[in-house]
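Each chain is listed here by its residues.
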Amino acid sequence: MRKLFKRIRETGKDEGFMHLVENIEVVVSKILSVMMLVVIFVAVFDLGIFLLKELFDTPYGKFNTTLFKIFGLFLNILIALEILENITGYLKKHVLQVELVIVTSLIAVARKIIILDLEKVSGIDIIGLGIALLSLSISYWIIRRSNAKT
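Treat the numbers as computed from the prediction; the structure is a model and nothing was measured.

K.L.:
Sorry, what's going on with the pattern of salt bridges here?
P.N.:
Two side chains carrying opposite charge are able to pair once their charged atoms lie near each other. Inspection of the entire model under this criterion finds 1 salt bridge. A salt bridge links Arg144 to Glu99, with the shortest nitrogen-to-oxygen separation between them at 3.0 Å. Taken together, the residues Arg144 in helix 5 (residues 123–149) and Glu99 in helix 4 (residues 98–114) connect sequence positions 45 residues apart. Overall, the relative accessible area of 45% leaves Arg144 in the partly exposed class.

This is the structure in structure tokens:
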């Protein structure tokens, strides 16, 4: 019982507490990695089923409309892989890699633009996506440039 109280007191100190927090972060990151792998495998399986269904059921001339859905599904998997890379990068270095986060965001905005139905969105939505894309691109350029100098 005394050992338990001693460990609790040690955890209450700054250094012990920070060690506990780091251990919890690692455990949560590992759980997130496993969950993301499950999501990726399910998404790839779903994409395969969707592809097979669309290739054999879509009448001639209608495949172009389904093509954007297929691109969106591919990009969803790519985004999930980038998120997994963010998590595993954090596990390796214990630092959130800003460049990876910006690249993931760029892919997400690009996905939105690729699958965008221009008949259903307003001009302000397109302007907003353009500003987001420009801002992320400038951020990525700044990060790359600063990383190249170091």
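K.L.:
Got a minute to help me understand the side chain of Ser29 in this structure?
P.N.:
Take Ser29: it is sitting in helix 2 (residues 14–57). Judged by relative accessible area, which is 7%, Ser29 ranks as buried. One polar contact links the side chain of Ser29 to the main-chain carbonyl oxygen of Glu25, over a distance of 2.9 Å. Leaving out residues up to four positions away in the same chain, Ser29 has contacts with Ile87, Tyr90 and Leu91.

K.L.:
Whenever I open this one, the nonpolar core confuses me. Can you help?
P.N.:
Across soluble globular proteins, nonpolar side chains show a tendency to be buried alongside one another. With 6 residues, the main nonpolar core is built from Ile102, Leu106, Val109, Leu116, Leu129 and Leu136. Sorting the residues of this core by element identifies helix 4 and helix 5 as the ones contributing at least two each. Sequence-distant contacts of Leu106, that is, excluding residues within four places in its chain, are made with Leu133, Leu136, Ser137 and Tyr140.

K.L.:
How should I be thinking about the side chain of Thr104 in this particular structure?
P.N.:
Among the secondary structure elements, Thr104 is positioned in helix 4. A distance of 3.5 Å separates polar atoms of two side chains, one belonging to Thr104 and the other to Asn86. Once residues lying within four places of it in the same chain are set aside, the contact partners of Thr104 are Ile79, Glu82, Ile83 and Asn86.

Conventions adopted
Within any chain, residue numbers begin from 1 and follow the written order of that chain's sequence. Residue-level local features of this predicted model are given only where pLDDT is at least 70; pairs of side-chain atoms are given and counted only at 80 or more, and the full residue set underlies all totals for whole chains, interfaces and linings. The basis for every side-chain value is the complete set of non-hydrogen atoms in the structure, without hydrogens or water. Between Lys or Arg on one side and Asp or Glu on the other, a salt bridge is scored when a side-chain nitrogen of the former is within 4 Å of a carboxyl oxygen of the latter. Under the DSSP-based scheme used, a helix requires at least four consecutive residues in state H or I and a strand at least two consecutive residues in state E, with every element numbered from the N terminus. Throughout this description, buried means an accessible area under 20% of the type-specific maximum (1.4 Å probe, protein chains only), exposed means over 50%, and partly exposed covers the range between. Think of a polar contact as two N or O atoms within 3.5 Å of one another; within protein, one of them needs to be a possible hydrogen donor and the other a possible acceptor, and neighboring residues in sequence only count if both atoms come from side chains. In what follows, a contact means two residues having at least one pair of non-hydrogen atoms within 4.5 Å. We define the nonpolar core as a collection of buried residues of types Ala, Val, Leu, Ile, Met, Phe, Trp, Tyr and Cys that are connected through side-chain atoms lying within 4.5 Å of one another.

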